[in-house]
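Fold and contact review
Here are the chains, one letter per residue:
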Amino acid sequence: MSLLSPPQIPLFRITLFYGPEAVEGASDSVHCVFNVKKRSWKGGVQVEVVMKKSQIARLEEILQHSSWLEAVLMGVPVEDLGDYQEKSHDLLVQLLCFYKLHAFIHKGIKQENIQVSGDMLIAETDEVVAREAEEIKRQIVIELDLIETKENPQSI
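Residues numbered from 1 in each chain as written. Predicted model: local features only at pLDDT ≥ 70, side-chain atom pairs only at ≥ 80, totals over all residues. Heavy atoms only, no water.

Here the focus is the pairing of strand S1 (residues 12-23). For S1 and strand S2 (residues 26-38), the ladder comprises 9 bridges, and the chain directions are antiparallel. Residue Phe12 lies in a different strand from S2, and its bridge partner there is Lys38. (Pairing = 2+ DSSP bridges. Helix = DSSP H or I, 4+ residues; strand = E, 2+ residues; numbered from the N terminus.)

Turning our attention to helix H1 (residues 53-63). Of the positions making up H1, those classed as buried are Gln55, Ile56, Leu59 and Leu63. Mapping the buried residues of H1 onto a view down its axis gives an arc of 100°, with all of them on the same face. H1 presents Ser54 and Glu61 as exposed residues on the side facing more than 90 degrees away from its buried surface. Those residues of H1 that are buried lie in contact with S2, strand S3 (45-52), helix H2 (65-72), helix H3 (78-107), helix H4 (122-131) and helix H5 (133-143). (Buried < 20%, exposed > 50% of the residue type's maximum accessible area, 1.4 Å probe, protein only. Arc of directions from axis to C-beta. Contact = heavy atoms within 4.5 Å.)

Right, let's talk about the packing of aromatic side chains for a bit. Tallying each qualifying case throughout the model produces 3 aromatic pairs. With a centroid separation of 6.0 Å and 75° between ring planes, the pair formed by Phe12 and Trp41 is classed as edge-to-face. Linking Phe12 in strand S1 with Trp41 in the loop between S2 and S3, this pair joins segments that are 29 residues apart in sequence. A relative accessible area of 19% places Phe12 in the buried class. (Phe/Tyr/Trp six-rings, centres within 6.5 Å; stacked < 30°, edge-to-face > 60°.)

Take a look at the structure:
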């Protein structure tokens, strides 16, 4: 008889549908749209998560994204740096939106398409992003197909 419990199955399945993209008519915001499916629901819903650019910039500073990315990309050929930087920024915004969505789900989500506005859950998002800083960086490194080396130990 095993004393180990089976792994817990996630309550929600979350998939990025698209983003980040500029919010039409709001030059100070970007958004990502996620498909969210709870196990007990017959179908999923779309949740649009809006982030204000000022909050993204503040969180980039908290995460020290620019200096961290510079260290991570030290071995990348100069001609590829721009592509990596752009992709890293997109990934960062996607992850920030994901963590804001996570905070929204914890507040209680109904089975309906919804928008989480740029003015909602600011403190909660800031808190979870600060707590998950290393995981965010790890995910970016994985998505960029970068590996940690002895010359580049700061990649995660």
